[in-house]
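Observations on chain architecture
These are the residues of each chain, in order.
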Amino acid sequence: MKSPLGVILAGGQATRMGGSDENLVDKGLMQLGGRVILDHVLARFEPQVAQVVLNANGDAARFDAFNLPVIADAPGDLAGPLAGILAGLDYAAEHGFDHIVTAAADTPFLPLDLVPQLQLRSETTGAPVVLSATPCPERKQQRQPTFGLWSVDLRDDLRAALSDGLRKIVAFTQPRGNAYAEFALTGDVNPFFNVNTPEDLAQAHEILKG
């Protein structure tokens, strides 16, 4: 399998961090350990893919320091992560990629082997989408659907599903035979830990110290 396009999903409004329609708060641009969270994400994600693009809405200039292409959801879409995934699939198709791997912009501890493990699971199952999961005591797995490997061949199907009002990732992928790649916890740290609240940001600082 060729090296995929990496798509960092940064398009949402951080309402739990104080964001609103009038006041977008980018969780990825918050300070963590002397760098912004997105720097931590890129340090772990960028070496695993052929190229990285950011999916973000609003003024793209706020990401100028990263020197990365910024792709927005289709006009009027703003349909959550699925719209960002579609934007990534369209960009990939235009630039000769067969697959994309998606990651969230607020997850500073994402797995260093995210992409190879997703690719391995794709090759062994033939599934068009492979999503991430972690062990969970209460049930077999805890799904991490914003971290996944997606075939570019899905983009027209996804576009139609969005037009029909579908918004949940698993609601789209499950009927199409998705597979899961499971990632172990690193000590007590979930590699998909994401910064949603001020309390999460404080916890991320403690993890870095740890």
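These lines cover the structure that appears in this document, whether it is placed above or below. The structure presented is a predicted model; accordingly, all values stated were derived computationally and were not measured. One numbering rule holds for all chains: residues counted from 1, following each sequence as written. This being a predicted model, a pLDDT of at least 70 is required before a residue's local features are given, and a value of 80 or more before pairs of side-chain atoms are given or counted; all residues contribute to the totals for chains, interfaces and linings. To get the side-chain values, take all heavy atoms of the structure and skip hydrogens and water.

**What to know about the nonpolar core**
Residues belong to one nonpolar core when they are buried, are Ala, Val, Leu, Ile, Met, Phe, Trp, Tyr or Cys, and are joined through side-chain atoms within 4.5 Å. Think of it in three bands: with a 1.4 Å probe and only protein chains considered, a residue is buried below 20% of the maximum accessible area for its type, exposed above 50%, and partly exposed in between. Counting residues in hydrophobic clusters, the biggest one holds 38 residues, and the most contacted among them are Ile 8, Leu 38, Phe 45, Leu 114 and Leu 118. Counting only elements with at least two residues in this core, the list comes to helix 1 (37-45), strand 4 (51-55), strand 6 (99-104), helix 3 (114-125), strand 8 (141-151), strand 9 (179-182) and helix 6 (198-209). Helix and strand definitions here come from DSSP, where helices need a minimum of 4 consecutive H or I residues and strands a minimum of 2 consecutive E residues; each element is numbered from the N-terminal end. With 5 residues, helix 1 is the single largest residue contributor to this core. Note on contacts: a residue pair qualifies if any of its non-hydrogen atoms lie within 4.5 Å across the two residues. If we ignore the near neighbours within four places in the chain, the residues touching Leu 118 are Val 101, Val 130, Leu 131, Ser 132, Gly 148, Leu 149, Ala 181 and Phe 183. By size, the runner-up hydrophobic cluster in this structure holds 29 residues, among which are Val 7, Ala 79, Ala 133 and Leu 158.

**Comments concerning helix 4 (residues 155-163)**
Buried within helix 4 we find Leu 158, Ala 161 and Leu 162. One side of helix 4 holds all its buried residues, which, seen down the axis, span an arc of 100°. Those residues of helix 4 that are exposed and angled more than 90 degrees off the buried face are Asp 156 and Ser 163. Buried residues along helix 4 sit against helix 2 (81-94) and helix 5 (169-173). Positive backbone phi, at 100°, marks Gly 165, one or two positions downstream of helix 4. Directions pointing from the helix axis toward each C-beta atom define the arc.

**A short note on unusual backbone geometry**
The phi torsion at Asn 67 lies on the positive side, around 55°, for a residue other than glycine. In this structure, Asn 67 sits in the loop between strand 4 and strand 5 (70-71).

**Digging into the environment of Glu 123**
By secondary structure assignment, the location of Glu 123 is in helix 3. Taking the C-alpha atoms as reference, Glu 123 lies 7.9 Å from Met 1; in sequence the two are 122 residues apart.

**Some remarks on the packing of aromatic side chains**
For Phe, Tyr and Trp, where Trp contributes only its six-membered ring, two rings pair if their centres lie within 6.5 Å, and the inter-plane angle classes them as stacked under 30 degrees, edge-to-face over 60, or tilted in between. Enumeration over the complete set of coordinates arrives at 5 aromatic pairs. Ring geometry for Phe 63 and Phe 66: centres 6.5 Å apart, planes at 45°, overall tilted. Judged by its relative accessible area of 3%, Phe 63 falls in the buried class. Members of the aromatic cluster, each reached through a chain of ring pairs, are Phe 147, Phe 183 and Phe 192.

**Quick look at the sheet that holds strand 5**
Spatially, 5-4-1-6-8-7-9 is the arrangement adopted by the 7 strands of the open sheet, whose pairing is mixed. Every other strand in the sheet has two partners, leaving strand 5 and strand 9 as the edge strands with one partner each. Should DSSP find at least two bridges between two strands, the strands are regarded as paired. Direction of pairing for strand 7 (residues 129-135) relative to strand 8: antiparallel, over a ladder of 7 bridges. Residue pairing in the sheet places Val 129 in a bridge with Trp 150 of strand 8. Against the sheet, helix 2 touches strand 1 (5-9), strand 4, strand 5, strand 6 and strand 8, its axis set at about 155° to strand 1. Axes, fitted as lines to C-alpha atoms, cover a helix only where it is in contact. Angles between the N-to-C directions of the axes lie from 0 to 180 degrees.

Bear in mind that shape data such as this cannot, by itself, settle questions of function.
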